[in-house]
Amino acid sequence: MGNTVSNASDKHIVDLKRNRRNDATAKALRATRDRLQSTHGGTPAFEKELLSMHAQSSLQGAAITPFVTVIFAAASAYFSHDPAYVMWALLTLCAHAGNILLIRKAAQRIPISKHQEHWRHLLLAGHVMMGCCWAIFAYQSCDVCGPTADLLLKGAVLLIVLSVTAMCNILLRQAVLYAAAPIVVSLSVQAATSRAIDNIVLAGSFIICVGFFTYITGRLYTSNLKLLSFQNEKDDLIAELEVAKSMSDEARRRAEEANMAKSRFLASMSHELRTPLNAILGFSEVMAHEVLGPLNNPLYKEYSGDIHRSGQHLLALINEILDLSRIEAGKYDLSEEAISLRDVAEDCVGMVQMRAKSKGIKIRPQYETNMPSIWADEKAMRQVVLNLLSNAVKFTPEGGEVVVKVGWTVGGGQYLSIKDNGPGIAEEEIPVVLSAFGQGSVAIKSAEQGTGLGLPIVQAILIKHGGEFKLKSRLREGTEVIAILPAKRVMQSLPAVSTAQAVEPRKKYFA
């Protein structure tokens, strides 16, 4: 035997060889591995996305720093009459231009690079360079302005610069701290050398502001990281749901194809299955009754009876399977006509009466009078009533009672109710009993086991008629089954014609 695996549709419902089926699992594993390898709150994948977003936002807001620099340099030069502020502005603009070139290169390389920490350090180095430029501004003094005006000018400018830096660098961790570190050093050195109270107050106030903005930007960075993480998880869930949906669609399609193939096979094999069974039944019955002469061995007669009974059981099973298959395949057509549900119930009671008497079971009918006819398939309705009555007689103990009711529903339809005082069915076993080939524990232990297809066929026939089937049962309290036909199936009676002679209905008698 070869080692090859068949790829036929009847072998595999889902093709597990496709690598795309494991994409969601592989993505989840990669995300988990990234979280485990992370040394800080975020994952390297998120760090890369945050750095890319920071680079893009920095390029979009590249004009803010030159605008602020030119305004402050012009104001400082105007009040102090010192051309050094102009030189400082040129130096700051050159440093900002170099920083923008670095950010533009980072924006191109970060998405394809595996070393995002390297680019993060380079971006922080650019902020340190810009911080050094503002530190030079903080170290200068305006002798013309006076101590108070100089303190207010420096404090206002540095506070605005710190605010702008914090707002523009939320997506870059520790950017505020690195950018403000040179300014803090400059103010601290100036306060230590001069020991003036105004410089000490300015340095202390700026350090407090740096701590506050560092804390705020850290919280905002964490919030952005969480939002990005949630968005990534949402995308993963959407992708996983799409994969699961595609698998379920494929599995459902394969299952429907297999079910239709099974139904077509059973429908086409009806003749091939029944023909040999009819021969087995006929010849075994001839042998059991010794029609052609006595059998030499009495055991042969007993074996012939066993073969005949087994063939009947197998034929009944095949008939039920074929009926259910035709219903599932949509080939079960109703031959509808005007029938009386009460007459059908009486006929079926007569058919099972002899079997009920053999077990000492009493069948008590309770029919409402003046029930109009219904528009239904008589053969199908007889099958429904016979299946329900046979189950009631089968599971009712000797000396029990079966009550058969036919009456009106609240909505104007008609119902057939069959209630026994048998062992009943456990509540958790009712869905099993109503499924195909399902049997309860009582049926499994019973000597008269069935096929488990009676109730599913009853359900399917009633649904085909637009009706409803209900089963009510409790252990040691009996079982009641109710077949309901809708009001649209009930035919309205017309008044009798006075000139016509009434015809007595034909009465059917059974043993």
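Residues numbered from 1 in each chain as written. Predicted model: local features only at pLDDT ≥ 70, side-chain atom pairs only at ≥ 80, totals over all residues. Heavy atoms only, no water.

Enquirer: How should the overall build of the chain be read in this particular structure?
Expert: Each helix and strand counted, the chain has 15 helices and seven strands in total. Within the chain, the fraction of its 511 residues that count as buried is 39%. Taken as a whole, the chain presents about 30,200 Å² of accessible surface, with 61% of it coming from carbon and sulfur. (Helix = DSSP H or I, 4+ residues; strand = E, 2+ residues; numbered from the N terminus. Buried < 20%, exposed > 50% of the residue type's maximum accessible area, 1.4 Å probe, protein only. Areas by Shrake-Rupley, 256 points an atom, 1.4 Å probe, with all protein chains shown as cover.)

Enquirer: Mind showing me how you'd approach unusual backbone geometry here?
Expert: Peptide bonds are, in most cases, trans, and in most cases residues other than glycine have a negative phi. Of note in the backbone geometry, Gln-174 takes a positive phi value of approximately 65° without being a glycine. Position of Gln-174 among the secondary structure elements: in the loop between helix 6 (147–168) and helix 7 (175–194). Taking the relative accessible area as the measure of exposure, Gln-174 reaches 41% and is therefore partly exposed. Positive phi is not limited to glycine here, since Asn-370 has a value of about 55°. In this structure, Asn-370 sits in the loop between strand 2 (362–367) and strand 3 (374–377). By relative accessible area, Asn-370 is classed as exposed at 74%.

Enquirer: Quick question: what am I supposed to make of the packing of aromatic side chains here?
Expert: Here a ring pair, both rings aromatic, is described through the centre-centre distance and the interplanar angle of the planes. One pass over the full model with this rule turns up six aromatic pairs. On the basis of an interplanar angle of 65° and a centroid distance of 5.7 Å, the ring pair of Tyr-85 and Phe-137 is categorised as edge-to-face. Note that Tyr-85 is positioned in helix 4 (residues 84–109) and Phe-137 in helix 5 (residues 116–139), a separation of 52 residues in sequence. A residue is classified by how much of its surface remains accessible, and Tyr-85, at 2% relative accessible area, is buried. Taking the centre distance of 5.6 Å and the plane angle of 75° together, the rings of Phe-212 and Phe-213 count as edge-to-face. The class of Phe-213 is buried, set by a relative accessible area of 17%. An aromatic cluster is present here, built from Phe-72, Tyr-85, Trp-88, Trp-134 and Phe-137 joined pairwise through their rings. (Phe/Tyr/Trp six-rings, centres within 6.5 Å; stacked < 30°, edge-to-face > 60°.)

Enquirer: Even after reading the chapter, I still don't get the UniProt feature "coiled-coil region" (unreviewed entry) in the chain, so can you show me in this structure?
Expert: Mapped onto this structure's residue numbering, the UniProt feature "coiled-coil region" (unreviewed entry) falls at residues 234–261. For the annotated span residues 234–261, helix accounts for 100% and strand for 0% of the residues, and the straight-line distance between the end C-alpha atoms is 40 Å. (UniProt positions renumbered as here; feature names shortened; annotations may be inferred.)

Enquirer: I tried to follow the packing of helix 11 (residues 341–358) against helix 12 (residues 378–395) on my own but got confused; where do I start?
Expert: For any two helices packed against each other, the geometry is given by the interaxial angle and the distance between the axes. For the pair helix 11 and helix 12, interaxial distance at closest approach is 9 Å and the crossing angle is 40°. Comparing the axis directions of helix 11 and helix 12 gives the class oblique. Judged by the sense of rotation from one axis to the other, the crossing of helix 11 with helix 12 is right-handed. Facing helix 11, whose interface residues are Leu-341, Val-344, Ala-345, Asp-347, Cys-348, Val-349, Met-351, Val-352, Arg-355 and Ala-356, helix 12 presents Glu-378, Met-381, Arg-382, Val-385, Leu-386, Leu-389, Ser-390, Val-393 and Lys-394. Looking at side-chain class alone, the contact of helix 11 with helix 12 contains 13 nonpolar, one polar and five charged residues. (Axes fitted to C-alpha atoms, helices over the stretch in contact; angles between N-to-C directions. Parallel < 35°, antiparallel > 145°, perpendicular 65-115°, else oblique. Left-handed = near helix turned anticlockwise from the far one by under 90°. Contact = heavy atoms within 4.5 Å. Nonpolar A, V, L, I, M, F, W, Y, C, P; charged D, E, K, R; others polar.)

Enquirer: Help me out: how do you make sense of the nonpolar core in this one?
Expert: A general trend in soluble globular proteins is that nonpolar side chains are found buried together. Ranked by internal contacts, the top residues of the largest apolar core, which has 46 residues, are Leu-388, Leu-389, Val-404, Leu-416, Ile-418 and Phe-469. A per-element tally of this core places helix 12 first, with eight residues. With sequence-adjacent residues up to four places away left out, Leu-389 is seen in contact with Cys-348, Val-349, Val-352, Val-404 and Ile-418. Core analysis: the next-biggest nonpolar cluster, separate from the first, contains 31 residues, Phe-72, Ala-73, Leu-187 and Phe-213 among them. (Core = buried A, V, L, I, M, F, W, Y, C linked by side-chain atoms within 4.5 Å.)

Enquirer: What is the right way to read the confidence of the model for the chain from this model?
Expert: Do not read the fine detail of predicted coordinates wherever pLDDT is low. Model confidence for the chain is summarised by a mean pLDDT of 78, while 81% of its residues fall at 70 or above. The low-confidence segment residues 1–21 (pLDDT under 50) makes 21 contacts with residues lying over four places distant or belonging to another chain. Here residues 35–42 is modelled with pLDDT under 50, and outside its nearest four sequence neighbours on either side it reaches 10 contacts, counting other chains as well. (pLDDT = per-residue confidence, 0-100.)

Enquirer: Would you mind showing me how to read helix 3 (residues 64–80) here?
Expert: Because the α-helix completes a turn every 3.6 residues, residues three or four places apart line up on one side. Between its terminal C-alpha atoms helix 3 stretches 24 Å, which fits the 24 Å expected from 17 residues at 1.5 Å a residue. For helix 3, the complete set of buried residues consists of Val-68, Thr-69, Phe-72, Ala-73, Ser-76, Ala-77 and Ser-80. Along the long axis of helix 3, the arc covered by the buried residues comes to 150°, so they all point the same way. For helix 3, the exposed residues set more than 90 degrees away from the buried face come down to Phe-67 and Tyr-78. Directly beyond the C-terminal end of helix 3, a positive phi value near 55° is found at His-81. (Expected span 1.5 Å × (residues − 1). Arc of directions from axis to C-beta.)

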